[in-house]
Amino acid sequence: MKPKLAPVYKVKPEARQTILSIKNLRKVFRTNGSFLTVLDDVHFYAKSGEMICIFGRSGCGKSTLLKILAGFLPLSSGTVILNDKPVTTPGPDRCVVFQEDTLFPWLTVKENIAFGLRGRIKDKKAIWEEVEHFLSLVGLSEFRDYLPREISGGMKQRVALARVLILKPQVLLMDEPFASLDAQTREEMQNLLLSLWKKLSNTVLFVTHDVNEAITLADRILLMDKSPGRIRDEIRVNLPRPRKKEKSEFHFFSSELYERLRE
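Residues numbered from 1 in each chain as written. Predicted model: local features only at pLDDT ≥ 70, side-chain atom pairs only at ≥ 80, totals over all residues. Heavy atoms only, no water.

Draft legend 1. Highlighting the environment of Val237. Of note, Val237 is situated in the loop between β10 (230–236) and α7 (248–262). For the pair Val237 and Ala214, spaced 23 residues apart in sequence, the C-alpha separation works out to 9.2 Å. Leave out the neighbours within four places in its chain, and Val237 touches Ile215, Ala218, Asp219, Ile221, Arg243 and Phe253. (Helix = DSSP H or I, 4+ residues; strand = E, 2+ residues; numbered from the N terminus. Contact = heavy atoms within 4.5 Å.)

Below you can see the structure in the form of structure tokens.
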């Protein structure tokens, strides 16, 4: 008989502090003289150092939600509060990693990583010391002088990760960053992300529509409905890390998530 995991429930208060709070969020687009509600009545929170996956089918508003949290899109109503302050514009406390690497093709790997520090740190020696540290963290020290066209897709995403993490954001927003990678590279990037998250303690909001990826990464999975998009379930993934896909407990969570996705 299949054991009952019962992973879905209202999350109890934890010792970690809530730093991000979303309440009654609504986003409406006007197109061709009509109005389209993409997100409606979205509620959730994120605690300091938490890894959250925003999961759902294509078209449920996951990327739109992330753009609002980043400050790239205005919300129609509701509130997004980070550290007791409303989010209305982009800021250094929130950084985004997209599916496309968005690197500057004319800059080397180390120059891409250093780009965001310009104007923040005046001491050039301090900048390059910090860049070398993050090159080491993402395993690209030997590729520091390569151009983006000279490295693989997985390496480009390592550069993209290092480029935002070097800015030390409180919240890292990731919009399906590994979706275009092959299966092996994708798994390597997931492991790298978990390693960096453990070392740097960022709060991570990771958008995905891949069941295994969500279970591998998340402390909590926020399952979204569509038309309009809203959070339907909160699923706490209480499996110990590292999580192995071949383990029976992983399969139980996977089956549970697929069932809830079909509902």
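From this point, the discussion proceeds with the structure in view.
Draft legend 2. A look at the packing of aromatic side chains. Applying the stated rule across the entire model yields 5 aromatic pairs. Each ring, one from Phe72 and one from Phe98, has its centre 6.4 Å from the other, and the planes form 20°; the classification is stacked. Placement of the pair is Phe72 in the loop between α1 (62–70) and β4 (77–82) and Phe98 in the loop between β6 (94–97) and α2 (109–114), with a sequence separation of 26 residues. Residue classification places Phe72 among the partly exposed residues on the basis of a relative accessible area of 44%. Measuring from centroid to centroid gives 5.3 Å for Phe104 and Trp106, while their planes differ by 40°, and the two rings are tilted. Each member of the aromatic cluster is reached from another via a ring pair, and the members are Phe104, Trp106 and Phe115. Its end group placed over the ring of Phe29, Lys27 keeps NZ or CZ at 4.9 Å from the ring centre. Taking NZ or CZ as reference, Lys110 lies 5.6 Å from the ring centre of Trp128, over its face. (Phe/Tyr/Trp six-rings, centres within 6.5 Å; stacked < 30°, edge-to-face > 60°. Buried < 20%, exposed > 50% of the residue type's maximum accessible area, 1.4 Å probe, protein only. Lys NZ or Arg CZ within 6 Å of the ring centre and 35° of its normal.)

Scope: geometric values only; no functional claims are made or implied.
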